Amino acid sequence: MPTFTAAVVLTGAAQGLVHLAGVTLIGTRIPAVRRAESNAALNIAGYLPAATLSVAIGFLADHTGLANAVAAFAVVVFVAAAIALPAVRVSTNRHPDAFQERHA
């Protein structure tokens, strides 16, 4: 149980940091008139997959066992992260830092 508790705490902290990073990018790179819709898109893009994966892992655990479901979940998250990291780096490198432009 202590390992599970630590994993839950670390997962929550990681999700909070990722959300902070997203909000920071919105605040520094998105024009003020577009920030509300960008924040809404961030929330949808963040919480919808989290909810979907949580429900899916529950169904998978019912049918294949918890260990197999957790392993499948880990693979899905790893693949998503491996695809997202380079995509985000390319995307953020293409756009100038709006914050630096405004304060230069």
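Small disclaimer: the values here were computed from a predicted structure and weren't measured.

(A) Region of interest: the pattern of salt bridges. All chains considered together, the criterion is met by one salt bridge. Residue arginine 34 is joined to glutamate 37 by a salt bridge in which the shortest nitrogen-to-oxygen separation is 2.8 Å. Here arginine 34 falls in the partly exposed class, since its relative accessible area comes to 43%. The class of glutamate 37 is partly exposed, set by a relative accessible area of 46%.

(B) Local environment of the layout of surface pockets. Approximately 1800 Å³ is the volume found for the largest pocket. Every residue lining the largest pocket is counted, 39 residues in all, and those nearest its centre are Val18, His19, Ala45, Gly46 and Ala84. Mapped by element, the contributors of at least two residues to the lining of the largest pocket are helix H1 (2–29), helix H2 (35–64) and helix H3 (66–94). Ranked by residues supplied to the lining of the largest pocket, first place goes to H1 with 14 residues. Each residue belonging to the lining of the largest pocket can be placed in one class, and the counts come to 25 nonpolar, twelve polar and two charged.

(C) Representation of the packing of H1 against H2 within the structure. Look at H1 against H2: their axes get within 10 Å of each other, and the N-to-C directions meet at 155 degrees. It follows from the interaxial angle that H1 and H2 lie roughly antiparallel. The handedness of the crossing between H1 and H2 comes out as right-handed. On the side of H1, the interface is formed by Gln15, His19, Gly22, Val23, Ile26 and Gly27, while H2 contributes Arg35, Ser38, Asn39, Leu42, Asn43 and Tyr47. Class assignment for the residues of the contact of H1 with H2 results in four nonpolar, seven polar and one charged.

Thresholds applied
Residues numbered from 1 in each chain as written. Predicted model: local features only at pLDDT ≥ 70, side-chain atom pairs only at ≥ 80, totals over all residues. Heavy atoms only, no water. Salt bridge = Lys/Arg side-chain N within 4 Å of Asp/Glu carboxyl O. Buried < 20%, exposed > 50% of the residue type's maximum accessible area, 1.4 Å probe, protein only. 1 Å grid on protein atoms, 1.4 Å probe; cavity = no way out; pocket = protein on both sides within 12 Å on 5 of 7 lines; lining within 4 Å. Points joined across faces, edges and corners; volume = space filled by probe spheres on them. Helix = DSSP H or I, 4+ residues; strand = E, 2+ residues; numbered from the N terminus. Nonpolar A, V, L, I, M, F, W, Y, C, P; charged D, E, K, R; others polar. Axes fitted to C-alpha atoms, helices over the stretch in contact; angles between N-to-C directions. Parallel < 35°, antiparallel > 145°, perpendicular 65-115°, else oblique. Left-handed = near helix turned anticlockwise from the far one by under 90°. Contact = heavy atoms within 4.5 Å.

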